[in-house]
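Per-entry structural report
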Amino acid sequence: MFYCDPPYVGKESYYPVSDIDHSAFVDALRELEAKWIVSYSELPDGLEEFRVIGRDESNFMGNGKSGSAKKTRERLVTSHQ
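From a predicted model like this one, the values you see are computed outputs, not experimental measurements.

With that settled, consider helix α1 (residues 22-31). Among the residues making up α1, those that are buried are H22, F25, V26 and L29. For α1, the arc enclosing every buried residue in end-on projection is 100 degrees, short of the 170-degree limit, so these residues lie on one face. In this structure, the buried side of α1 is in contact with β1 (2-4) and β2 (36-40).

Set out below in structure tokens:
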């Protein structure tokens, strides 16, 4: 089982290395013969065909203030049905 936590779509600038190609990443997941789980907030194209599990959570990304968390939707996408 592989777990991946790539930079979120539209939030790449929050990371020191932000040159992820989400389309190429999704293609690589499709070709992976092992089971995998990926966490995203907004899904890149191509992951909708897999099992998506969502939950609401507080997120501090980008604001740096523990008292000003924003509600966001965390999605876990898995190849395992």
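And the narrative resumes.
This structure, assessed with the given rule, holds one aromatic pair. Centre to centre, the rings of W36 and F50 are 5.0 Å apart; their planes meet at 70 degrees, and the pair counts as edge-to-face. Of the two residues, W36 sits in strand β2 while F50 sits in the loop between β2 and β3 (51-59), which places them 14 residues apart along the sequence. Using a relative accessible area of 1% as the deciding quantity, one classes W36 as buried.

Take the environment of I20 next. Among the secondary structure elements, I20 is positioned in the loop between β1 and α1. Judged by its relative accessible area of 26%, I20 falls in the partly exposed class.

The next thing to look at is the nonpolar core. Counting residues in each nonpolar core, the largest one holds ten residues, listed as Y8, F25, V26, L29, W36, V38, Y40, L47, F50 and V77. Not counting residues up to four positions away in its chain, the partners in contact with V77 are W36, I37, V38, L43, L47, F50, R51 and V52.

Turning our eyes to something else, we now look at the side chain of H22. With respect to the helices and strands, H22 occurs in helix α1. Residue H22 is classed as buried on the basis of its relative accessible area, which comes to 11%. A distance of 2.9 Å separates the side chain of H22 from the side chain of Y40, its partner in a polar contact. When sequence neighbours within four positions are dropped, the list of residues in contact with H22 reads P7, Y8, V9, E12, Y40 and P44.

Scoring rules and cut-offs
Residues numbered from 1 in each chain as written. Predicted model: local features only at pLDDT ≥ 70, side-chain atom pairs only at ≥ 80, totals over all residues. Heavy atoms only, no water. Buried < 20%, exposed > 50% of the residue type's maximum accessible area, 1.4 Å probe, protein only. Helix = DSSP H or I, 4+ residues; strand = E, 2+ residues; numbered from the N terminus. Arc of directions from axis to C-beta. Contact = heavy atoms within 4.5 Å. Phe/Tyr/Trp six-rings, centres within 6.5 Å; stacked < 30°, edge-to-face > 60°. Core = buried A, V, L, I, M, F, W, Y, C linked by side-chain atoms within 4.5 Å. Polar contact = N/O pair within 3.5 Å; in protein donor to acceptor, adjacent residues only side chain to side chain.

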